[in-house]
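# Working through the structure, step by step
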Amino acid sequence: MRIPPSPPFSKGGTSPVPAQAELDFTTTPPFEKGGPGGISAHQGARMTAAWMENLELLAEAPGGVGRLRGLIRDLAVTGKLLPKESSVVAWTWSTLGEQVSGMDSGWSPACLDTPSPAPEVWGVLRTTAVQSLRYIQEENKELPTHLAPRPEAEVMPGDVLFTRAGPMNRVGISCLVASTRPRLMLSDKIIRFRPKAEKLDGRFTALCLNAGVTADYLERAKSGMAASQVNISQAKLKAAPIPLPPLPEQHRIVAKVDELMTLCDRLEARQADAQHAHARLVQALLDSLTQARDAEEFQAAWERVAGCFEGVFSTENSVDDLRQVLLQLAIAGKLVRSMTAWKSTTLGSLGTVLGGATPSKANPAFWSGDIPWVSPKDMKRPLIDDAADHIR
């Protein structure tokens, strides 16, 4: 099967794709050619053991949990997450349009800014109701009472939702509606469809749309004049390539993804707790410096900070906080010993406070000299000895 080329971006688009670019799955399928798309039981056991042994280490890297989630999804849709079974039938390819029914979108009337307050009150879903593999029914806007609802646009359990228009990072996201309150309608920026139950599991379908080759195709299928407003048409969505493992295998894959995502949730929660505890420790140490009542107490606090410096001040935020405290201590005269008492005065008594003016940018002659012209962009360092711009 040869998938038609993904469409080029409109002229002036943000990420042009050559018109001749094609996705050809007849020669290099993302899963084992002719096989069930799995890995051997021995390989699977080794991979799982390696994951479990190093999961926390992987998650602790910058953005580690998010990357781990992406890896889990990509392995799932390429048949590499579970050990293969000799009795499993080979995976095949199809297009989404051939495996779904009832593809449509809703409408976007002028709604109230507040969510629908009760199931009896109609609402229209925001595109933010559709997150990657997660449906958030609370993300809706109340339909004004003077507008008649359109029941045919009501979201139902079993629908797969797909964001078709909006900013670049919000287009091409999909989820399954496992359950929902009544009287919530689609907006016209959301496409919905139902997989054919005998071929595709709804959750596996949403998983494919968010990962692997299918997600790559959809990324390239986006078109628009700017990153702030792109879209994917129903025709392009229907042409999206999608893998077809046997239905029982789809169910096993989804169950394994759930198991691993739950583990990621626990790691994320533990990281959040550890980060909160770390932030409290940093604040306590810094408070002991700024709130010291005398030189002896300050010295003791400073020694505590110095004694655990490398272990505690290990994040960008903690270093920034330390830098700010050191500046406060410096201008308060607490960093060095002073033989005389400090006095307070006003800034105006120490110099002249002046404002400036900006020469017209429309006249290039103003900006071809050698006199430094200081602007806020030059104030990112404590001492200004030159400027980015110069005037006559």
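Below is a summary of the structure that appears in this document. Quick caveat: nothing in here was measured; it's all calculated off a predicted structure.

The rules behind the values
- Residues numbered from 1 in each chain as written.
- Predicted model: local features only at pLDDT ≥ 70, side-chain atom pairs only at ≥ 80, totals over all residues.
- Heavy atoms only, no water.
- Buried < 20%, exposed > 50% of the residue type's maximum accessible area, 1.4 Å probe, protein only.
- Helix = DSSP H or I, 4+ residues; strand = E, 2+ residues; numbered from the N terminus.
- Pairing = 2+ DSSP bridges.
- Salt bridge = Lys/Arg side-chain N within 4 Å of Asp/Glu carboxyl O.
- Contact = heavy atoms within 4.5 Å.

A separate point is the pairing of strand β9 (residues 160-163). Taking every second residue as pointing to the same face, both faces of β9 are buried, with Val160 and Phe162 on one and Leu161 and Thr163 on the other. As paired elements, β9 and strand β11 (residues 174-176) share three bridges and run antiparallel to each other. Residue Leu161 lies in a different strand from β11, and its bridge partner there is Cys175.

Before going further, it helps to spend a moment on the pattern of salt bridges. Overall, the coordinates contain eleven salt bridges when judged by the stated rule. Its salt-bridge partner being Arg69, residue Glu268 comes within 2.8 Å of it at the nearest N-O pair. Of this pair, Glu268 sits in helix α7 (residues 247-290) while Arg69 sits in helix α2 (residues 64-77), placing them 199 residues apart in sequence. Its relative accessible area of 38% is what places Glu268 among the partly exposed residues. By relative accessible area, which is 14% here, Arg69 ends up buried. Among the salt bridges present, the one from Lys222 reaches Glu219, with a minimum N-O distance of 2.9 Å. Overall, the relative accessible area of 3% leaves Lys222 in the buried class. Residue classification places Glu219 among the partly exposed residues on the basis of a relative accessible area of 41%.

Mapped onto the elements, Lys256 comes out in helix α7. Among the residues examined, Lys256 registers a relative accessible area of 17% and is labelled buried. What Lys256 contacts, discounting residues up to four positions off in sequence, is Leu81 and Leu82.

Residue position: Ala279 is located in helix α7. The class for Ala279 is partly exposed, based on a relative accessible area of 43%. Separated by 34 residues in the primary sequence, Ala279 and Phe313 place their C-alpha atoms 9.8 Å from one another.

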